[in-house]
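Observations on chain architecture
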There are 2 protein chains.
Amino acid sequence: MVRIAVDAMGGDYAPREIVHGAVLAARDLGVAVQLIGPPDIIEKELRRHKTKGLDISIVPASEVVSMDEKPSRAIVKKKDSSIVVTTKQVSSGLADGMVAAGSTGAATVAAQIELGRIANVSRSAIACSMPTSTDQPVMLIDVGANAECDAHQLLQFAQMGALVYTALYNMENPRVGILNLGSEETKGTQLVQDTYKLLQAEKTLNFIGFIEGRDFPMGKVEVVVADGFVGNVALKTAEGIAKMIKLMLKQELYASLRGKIGGLIAKPSFDAVERRTNYNQSGGALLVGVKGVCVIAHGGSTRTAIKNAIRVAADMARGKIVEKIEKTFSLAKAGSAS
Amino acid sequence: MVRIAVDAMGGDYAPREIVHGAVLAARDLGVAVQLIGPPDIIEKELRRHKTKGLDISIVPASEVVSMDEKPSRAIVKKKDSSIVVTTKQVSSGLADGMVAAGSTGAATVAAQIELGRIANVSRSAIACSMPTSTDQPVMLIDVGANAECDAHQLLQFAQMGALVYTALYNMENPRVGILNLGSEETKGTQLVQDTYKLLQAEKTLNFIGFIEGRDFPMGKVEVVVADGFVGNVALKTAEGIAKMIKLMLKQELYASLRGKIGGLIAKPSFDAVERRTNYNQSGGALLVGVKGVCVIAHGGSTRTAIKNAIRVAADMARGKIVEKIEKTFSLAKAGSAS
C-alpha cells in the first residue's frame, strides 16, 4: 500500500479539514496515511470520524511553521515542525510521498533541504495544473519556486514538466510551449530566446514554440514553461480573473428579478463551471526535481482538496516519477547539469 | 474642436469597422476625425454612412504595415504607410492625438520614432485599463513596449501611470502597486526589490507595495506597475481566462435543457458581464511617454472599440496629459532621467 505523509498543521483550515481529507483518502483511495503534528490535536480530530480498519497513523511533531514566517529561517530553526517532520518521513523512506497545504515557501524549502535534488537537476520547480476550455488541463512550470532562472533551468523544467504531465494524465508526448509576450519567434527577452533554442534542440520534447497568455487557457498546449516569477503572475492572475468573472456574474444575476430566476434555474450549470475551475479539485501543485514525491496543496484547501492532493501524491509514487526524472537526467548528464 | 488622426487601415476589421467607428465618434463625440489611408478605399467606406455636417477628412497614405511584418523594419521602409502618416499628423501639429488598431509593435515603433520621447523619460510604455469586480478599473503599465526594464524605468511607469489614471478616471492619488509573486516585502526578483525602494521614496505616489495577480482583478489597487514582459503575460492571461470561463459557462448551459432555459432567462445578466469584460468597451491602450497622445486599440476592434478609443484620445488631448507628464519629469530631472 502506498504511504503518504500529510502535514496535519498546514493550511487555513488545519487541522480539521486536513485530517478529514486524510480520512477520506484512506477510506476511498486505499492509501496508508501518516498524519504529522501534535498527537493530542490530531487524535481529537480523528475521534470525529469512523477510522476503524483504515490505515491511519500519527507521527509526532511539536512545532508549526506559520504563514508569516520567513521559510528559510523557520525551516532551519524549527527542527520539530510538522512540515520538517513530514519531509523526513519521505527522505527516511518511511513514506512514499508527502502532502502539505501550509506556506508554499516553507514546504518548498523543507523539501529541498530534506529530500535533496535529483542528480543533474539544477533547480527544483513547482508544477501546477490549471483547467482549460477543453477536457485536457494545462500544466504551468515553474509557478514560484525560482523567481530568477536561466535557460538551462527552463529546459529542465520543460523536461520534468513533460514527464509529470504524462504520469499524471496518461498522455504521451504532451505539447510544450514557452510563455512569451508574442508567439513570433523573434519576440521576447533574451531568456525566452535562449530557452527557445535549447527546447528546439531537445528532440525528446514535443516543443511547439512560444505561447501567449491568451492561448494556454484555450488548451493549445499541455505544458507551459516559465520562470517562477512569470509563472506565478500567470497562475495568480488566472485565479484572480476567474474569481472576478464569477463575482461579476453573481452581481449581475442578483441585480434583477429576471437574473435571479434565470440564475436559480441554471444553477447546476454554474456549479459545473465552479467545479471545473475550483482549485480544490486540482489536487495541488507538485514540487519536481527533488528526491521524493511532494505535493503542495493550496493554503485554502478543504477536505476535498486534501483528498485529491493525496491521490496525486499516491499516483506519482506509484508512477515512479522520481525514478523517471532520475533516469532522464542521468542520460542527459553531459547537457545542462549545474 | 479636438482633432484625432485615425489609421484607417490597421486592425482585423479595417477599413470597414475603423471608418464606421470614426463616423460614430465624429457624430456623437464632436471630434474632428482624420482618416489615414488610400483615399479611394476610405471614400468608398464613407459612402456607406451619412457624413454630412461631420468633421471628417481624409489624409492620403499609400502603404499598409501588415501584422506579420517586423515593426522596426517596416516602419523605416514604408514611409508612406498609414501608421507612419498617422503619427506624422500628430508630430506636425495637424492632429491632437492618434488612434491605431493594427500591429501594436508597428504603432509603438512609429510613435516612438515620429513623436519622440518626452524629455527625461527613459522609455515609453503601454498602459492598459482592465475591468475589476468593482466600478473602478485597474491600469496595468507596461503591457509590452519593453520586454526588459530597470527599476528607474519602472518608477517612471508608475509616475506616468498615476498621471494617466487621474486624467482618464478623474481620481486623484490612485493607489500604485508593483506586480510581484507575493505581497511580502522580502519577496521577488532584484528588479522588483529595487523598484520597491524607489517607489517608496517617491512621496508624490500613493504607493501601497507589492500586489499579487489574484488581487488586482478585485480592485485592490488602481495602477499596477510591471515590466513589459510580465505585464503582457498578466494582461493576456486575464483575457484568456475570461474567455475560458465564458466558454465553459456556455458549454455547461448548453449541456442541459434546464441550463438552456436558465441561460435564456438570465441572458441580460450575461450580456452585462460581457459588456464589463469586453475590450471593445475599454478604449484601448495608451502609449505614454511620447510627445503626443497615442491610443493603440485592440487588433480585433469593432466600430464601438474605435469610437471609444477616439474618445480616450480626445479626453487625453483635452486633459493635456503630455504637458502634465512633461511638467512632472522636468521637475524630477535630477532623479531618474536616462
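Residue and element names in this part refer to chain B. Across the six residues of strand 2 (residues 32-37), six count as buried, placing the element largely inside the fold. Residues Ala32, Gln34 and Ile36 of strand 2 are buried on one face, and the alternating residues Val33, Leu35 and Gly37, pointing to the opposite face, are buried as well. In this view, the connection linking strand 1 (residues 3-7) to its parallel neighbour strand 2 by way of helix 1 (residues 16-28) has right-handed handedness. Traced from strand 2 through helix 2 (residues 39-46) to strand 3 (residues 56-60), the parallel crossover comes out right-handed.

Quick look at the nonpolar core now. Counting 238 residues, the largest nonpolar core has Leu35 of chain A together with Leu35 of chain B as the members making the most contacts within it. The contacts of Leu35 of chain B, once residues within four sequence positions are left out, are Val6, Ala8, Val19, Ala22, Ile42, Leu46, Ile56, Ser57, Ile58 and Val59 of chain B.

All right, on to the pairing of strand 5 (residues 125-130) of chain B then. Residues and elements named next belong to chain B. Judged by how many residues are buried, strand 5 sits mostly within the fold: six of six residues are covered. Neither face of strand 5 is left uncovered, since the one carrying Ala125, Ala127 and Ser129 and the one carrying Ile126, Cys128 and Met130 both have all their residues buried. Examined bridge by bridge, strand 5 and strand 10 (residues 285-288) share four bridges and lie antiparallel to one another. Counterpart to Cys128 in the pairing with strand 10 is Ala285. As defined by bridge partners, strand 5 adjoins strand 6 (residues 138-141) across four bridges and the pair is classed as antiparallel. Of the residues in strand 6, the one forming a bridge with Ala127 is Ile141.

Before going further, it helps to spend a moment on the sheet that holds strand 4 (residues 97-100) of chain B. Residue and element names in this part refer to chain B. Here 11 strands make up an open sheet; going across it, the order is 3-2-1-4-11-10-5-6-9-7-8 and the pairing mixed. What marks the edges here is a single partner per strand, and that holds for strand 3 and strand 8 (206-211). Averaged over all pairs of adjacent strands, the angle between strand axes in this sheet comes to 25°, irrespective of strand direction. Pairing of strand 7 (residues 175-179) with strand 9 (residues 223-225), which is carried by three bridges, proceeds in the parallel orientation. The residue bridging Ile178 from the neighbouring strand is Val225, located in strand 9.

Let us now look at the pattern of salt bridges. Counted under the stated rule, the structure contains 32 salt bridges over all chains. Residues Glu239 of chain B and Arg214 of chain A are paired through a salt bridge, measuring 2.8 Å at the closest nitrogen-oxygen approach. Here Glu239 of chain B is found in helix 8 (residues 228-254), whereas its partner Arg214 of chain A is found in the loop between strand 8 (206-211) and strand 9 (223-225) on a different chain. Glu239 of chain B gets classed as partly exposed once you look at its relative accessible area, which sits at 25%. Between Lys220 of chain A and Asp215 of chain A there is a salt bridge whose closest N-O contact spans 3.4 Å. Judged by its relative accessible area of 16%, Asp215 of chain A falls in the buried class. Sharing partners across several salt bridges, the network here consists of Glu212 and Arg214 of chain A together with Lys236 and Glu239 of chain B.

Parameters at a glance
- Residues numbered from 1 in each chain as written.
- Chains lettered and ligands numbered in written order.
- Predicted model: local features only at pLDDT ≥ 70, side-chain atom pairs only at ≥ 80, totals over all residues.
- Heavy atoms only, no water.
- Buried < 20%, exposed > 50% of the residue type's maximum accessible area, 1.4 Å probe, protein only.
- Helix = DSSP H or I, 4+ residues; strand = E, 2+ residues; numbered from the N terminus.
- Right-handed = clockwise from strand over helix to strand, strands pointing away.
- Core = buried A, V, L, I, M, F, W, Y, C linked by side-chain atoms within 4.5 Å.
- Contact = heavy atoms within 4.5 Å.
- Pairing = 2+ DSSP bridges.
- Axes fitted to C-alpha atoms, helices over the stretch in contact; angles between N-to-C directions.
- Salt bridge = Lys/Arg side-chain N within 4 Å of Asp/Glu carboxyl O.

So far we have only geometry, and geometry alone does not tell us how the molecule works.
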